[in-house]
Amino acid sequence: MFIKPSAYLEKVEDITIEFLQKNNIKALILDVDNTLIDYDQNLSKDVEMWAKNLQGQGTKLYILSNSNNKEKVEKVSKKLGIPYSNFAKKPLKSGFKKVQKQLKENPENIGVVGDQIFTDVIGGNRSKMFTILVDPIKEKDYWYTAWKRPIENLIKRKLTK
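(A) How the structure looks around the overall build of the chain. Along its length, the chain carries seven helices and six strands. Counted from the first residue to the last, the chain has its helices and strands arranged as β-α-β-α-β-α-β-α-β-α-β-α-α. Within the chain, the proportion of its 161 residues that are buried is 51%. Across the chain, the fraction of contacts at a sequence separation of at least 24, relative to all contacts at a separation of at least 6, is 68%. About 8500 Å² of surface is accessible on the chain, with carbon and sulfur atoms providing 52% of the total.

Here you go:
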C-alpha cells in the first residue's frame, strides 16, 4: 500500500542510529517544511545536533524539498552541512531517483523522512525506499498542505491502532 509508511515517529530526532542500523538504512532523504523547520523557518538546535550526530556516525543526509523557495532550502542545507534539491515535484519518482544516484545507495538502504503522506511517503514508497512519517513540527501550515491534513490525520489514526 503506497500510503502506509514503513515507520511512524513523532519527530526526526526520534530517528536514532540504532533505528537506522536495525532497518539497514545508510542514508536519509529529508523533507524541509514542517519536518526540519517550522512554518516560520526556525531550525531548532535539537535538529541541528541530531543531523550532526547522524553524520558523525556515517549516515548520509540529503534534503529533497518541493519548495520552489531555493533560498529557504539552501539556508537549511548550509546550516546542516548537507546537499539539497528543491522543487522536487514529490511524489514523482524522478527527484528520489536523482538523490539516490547522488547518495550511491540502493533504494532499500535509503530512508525518506517527511511529514506528509501524499508527497514524502507515497514518493518514497513508489521509489522502493524505507519511508518514515513524522508529525509536523507545528500545526500552522501552508495553504497547499493544510487541506490534506485532515485526510492524513485519519490515516495516521488507523496506523496507530
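(B) The arrangement of the pattern of salt bridges in detail. All chains considered together, the criterion is met by six salt bridges. For Asp-120, the salt bridge identified is with Lys-90, shortest N-O distance 2.7 Å. Of this pair, Asp-120 sits in helix α5 (residues 117-126) while Lys-90 sits in the loop between β4 (84-85) and α4 (93-103), placing them 30 residues apart in sequence. Lys-90 gets classed as buried once you look at its relative accessible area, which sits at 7%. Salt bridges sharing common partners tie together Asp-31, Lys-90 and Asp-120.

(C) A look at the layout of surface pockets. Taken as a whole, the second largest pocket spans an internal volume of roughly 210 Å³. In terms of lining residues, the second largest pocket is bounded by 16 residues, among which Lys-11, Glu-13, Thr-35, Val-47 and Ile-137 are the most central.

(D) The side chain of Lys-90, seen in detail. Within the local environment of Lys-90, its side chain forms a polar contact with the side chain of Asp-31, the two groups lying 3.0 Å apart. Dropping the residues within four chain positions of it, Lys-90 is found in contact with Asp-31, Leu-64, Ser-65, Asn-66, Phe-96, Thr-119 and Asp-120.

(E) Structural view of the nonpolar core. Of all hydrophobic cores here, the largest spans 29 residues; its most connected members are Ile-15, Leu-28, Leu-36, Trp-50 and Ile-132. Contributions of two or more residues to this core are made by β1 (7-9), α1 (17-22), β2 (27-30), α2 (45-56), β3 (60-64), α3 (70-80) and β6 (130-134). Top element by residues in this core is α2. It accounts for four residues. Other than its neighbours up to four places away in sequence, Leu-36 contacts Val-12, Leu-30, Asp-31, Asn-42, Leu-43, Val-47, Trp-50, Ile-63, Val-76, Leu-80 and Ile-137.

(F) How the structure looks around the sheet that holds β2. The strand order across the open sheet built from six strands is β1-β6-β5-β2-β3-β4, with neighbouring strands paired in parallel fashion. The sheet is open, and its two borders are formed by β1 and β4, each paired with just one other strand. Inspection of the sheet shows strand β5 (residues 110-114) paired to β6 by four bridges, in the parallel sense. Within β6, the residue paired with Gly-111 across the bridge is Phe-130. Strands in contact with α5 are β5 and β6; relative to β6, the strand with the most contacts, it is inclined by about 165°.

Each value, and the rule that gives it
Residues numbered from 1 in each chain as written. Predicted model: local features only at pLDDT ≥ 70, side-chain atom pairs only at ≥ 80, totals over all residues. Heavy atoms only, no water. Helix = DSSP H or I, 4+ residues; strand = E, 2+ residues; numbered from the N terminus. Buried < 20%, exposed > 50% of the residue type's maximum accessible area, 1.4 Å probe, protein only. Contact = heavy atoms within 4.5 Å. Areas by Shrake-Rupley, 256 points an atom, 1.4 Å probe, with all protein chains shown as cover. Salt bridge = Lys/Arg side-chain N within 4 Å of Asp/Glu carboxyl O. 1 Å grid on protein atoms, 1.4 Å probe; cavity = no way out; pocket = protein on both sides within 12 Å on 5 of 7 lines; lining within 4 Å. Points joined across faces, edges and corners; volume = space filled by probe spheres on them. Polar contact = N/O pair within 3.5 Å; in protein donor to acceptor, adjacent residues only side chain to side chain. Core = buried A, V, L, I, M, F, W, Y, C linked by side-chain atoms within 4.5 Å. Pairing = 2+ DSSP bridges. Axes fitted to C-alpha atoms, helices over the stretch in contact; angles between N-to-C directions.

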